[in-house]
Amino acid sequence: MVENLGIRINELRKKKGYSQEELADKIGVSRQAVSKWELGKALPDIYNVIYMSKLFEVTTDYILLGNNSELEFTLSDVRKKNKKNIRLKGMAVGIIILMLMPVLANLYQLIQFAIFHQSYTNALNYIFEWPLLGILLIGAALLIINGGFFVKEVFFNETKKKNILKSNLW
C-alpha cells in the first residue's frame, strides 16, 4: 500500500513536470522526504497530502488509496462547476437589473420632479439618461457576457461529449 502511494506521487509529480526538488520546494519539505515517499520508505503527513491534492488537482482519496471511480472528481471539475455557477449568477443579476429598469426610471422621474418641479411625462425616457443608462449597460453586459460564456460552456461541451461518444462507438 505504501509503495502504491509512492508510485502515485511519482506519477503525479512527473505528469506535472516537477522534479523531486521542485515538488519539495512547493510543499515545503526536503527533496529527501519526497524521495522517501516515492520509494515507500516514509509517508507524507496529512497536510502534505492535502497540499499535493490541490497541486496535482486530484482528490486526497486518489493520492492515498488510488480510488479512480466514476464518483471521484478532480479539483478541475469543481472549478468548472464553480465557473458555471458564477456565470449563472452573473446572468441572473443582469436579468434582475434589466427587469428593475422601469422601477428605477419611475423613481428617477419622482426625484427629478421633486428637485426641479418638472420631469418627462414618460418615465421610461430616463432609462437612456445618466445614471440609469450606466445601470442599463452594466445589466446588459452582465447578461450578454455571462450568457455567452455559459452557452459556450454548455453547448460546446455537450457537442464535444457527443462527438467523443460517436467516435468511441465507431
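About the cut-offs
- Residues numbered from 1 in each chain as written.
- Predicted model: local features only at pLDDT ≥ 70, side-chain atom pairs only at ≥ 80, totals over all residues.
- Heavy atoms only, no water.
- Core = buried A, V, L, I, M, F, W, Y, C linked by side-chain atoms within 4.5 Å.
- Buried < 20%, exposed > 50% of the residue type's maximum accessible area, 1.4 Å probe, protein only.
- Helix = DSSP H or I, 4+ residues; strand = E, 2+ residues; numbered from the N terminus.
- Arc of directions from axis to C-beta.
- Patch = residues over 30% accessible without salt bridge, like charges linked within 9 Å, V, L, I, M, F, W, Y side chains within 5 Å.
- Areas by Shrake-Rupley, 256 points an atom, 1.4 Å probe, with all protein chains shown as cover.
- Salt bridge = Lys/Arg side-chain N within 4 Å of Asp/Glu carboxyl O.
- Phe/Tyr/Trp six-rings, centres within 6.5 Å; stacked < 30°, edge-to-face > 60°.
- Axes fitted to C-alpha atoms, helices over the stretch in contact; angles between N-to-C directions.
- Parallel < 35°, antiparallel > 145°, perpendicular 65-115°, else oblique.
- Left-handed = near helix turned anticlockwise from the far one by under 90°.
- Contact = heavy atoms within 4.5 Å.
- Nonpolar A, V, L, I, M, F, W, Y, C, P; charged D, E, K, R; others polar.

(A) Region of the structure containing the nonpolar core. Core analysis: the largest hydrophobic core is formed by 17 residues, its most contacted members being I9, L23, W37, M52, F56 and I63. For this core, the secondary-structure elements that each account for two or more residues are α1 (2-16), α2 (20-27), α3 (31-39), α4 (46-56) and α5 (60-65). Here the element with the most residues in this core is α4; it accounts for 4 residues. Counting 9 residues, the second-largest nonpolar core is a separate cluster that includes A123, Y126, I127 and L132.

(B) Region of interest: α4. Among the residues of α4, those classed as buried are N48, V49, M52, S53, L55 and F56. Mapping the buried residues of α4 onto a view down its axis gives an arc of 165 degrees, with all of them on the same face. Exposed side chains of α4 directed beyond 90 degrees from the buried face belong to Y47 and K54.

(C) Expanded view of a nonpolar patch on the surface. Judged by side-chain polarity, I46, Y47, I50, L64 and L65 come together as a nonpolar surface patch covering roughly 490 Å² of accessible area. Of all elements in the fold, only α4 and α5 reach the threshold of two or more residues within the nonpolar patch. Among the secondary structure elements, L64 is positioned in helix α5. Judged by relative accessible area, L64 falls into the partly exposed class, the value being 33%.

(D) Structural view of the packing of aromatic side chains. In the structure shown here, the tally under the stated rule is 2 aromatic pairs. An angle of 70 degrees between the planes, with centres 5.3 Å apart, marks the rings of Y108 and Y126 as edge-to-face. Here the residue Y108 occupies a position in helix α6 (residues 75-116), and Y126 occupies one in the loop between α6 and α7 (132-169), the gap between them amounting to 18 residues. The burial state of Y108 is the same as that of Y126; both residues are buried. Here Y120 and Y126 contribute two aromatic rings whose centre-to-centre distance is 4.8 Å and whose plane-to-plane angle is 50 degrees, an arrangement assigned as tilted.

(E) Examining the packing of α2 against α3 more closely. Remark: α2 packs on α3, axes separated minimally by 8 Å, with the N-to-C direction vectors making an angle of 110 degrees. Classified by the angle their axes make, α2 and α3 are roughly perpendicular. For the pair α2 and α3, the sense of crossing is right-handed. For the pair α2 and α3, contact is made by Q20, E21, L23, A24 and I27 and by R31, V34, S35, W37 and E38, respectively. Within the contact of α2 with α3, the residues separate by chemical class into 5 nonpolar, 2 polar and 3 charged.

Any link to function would need more than the numbers given here.
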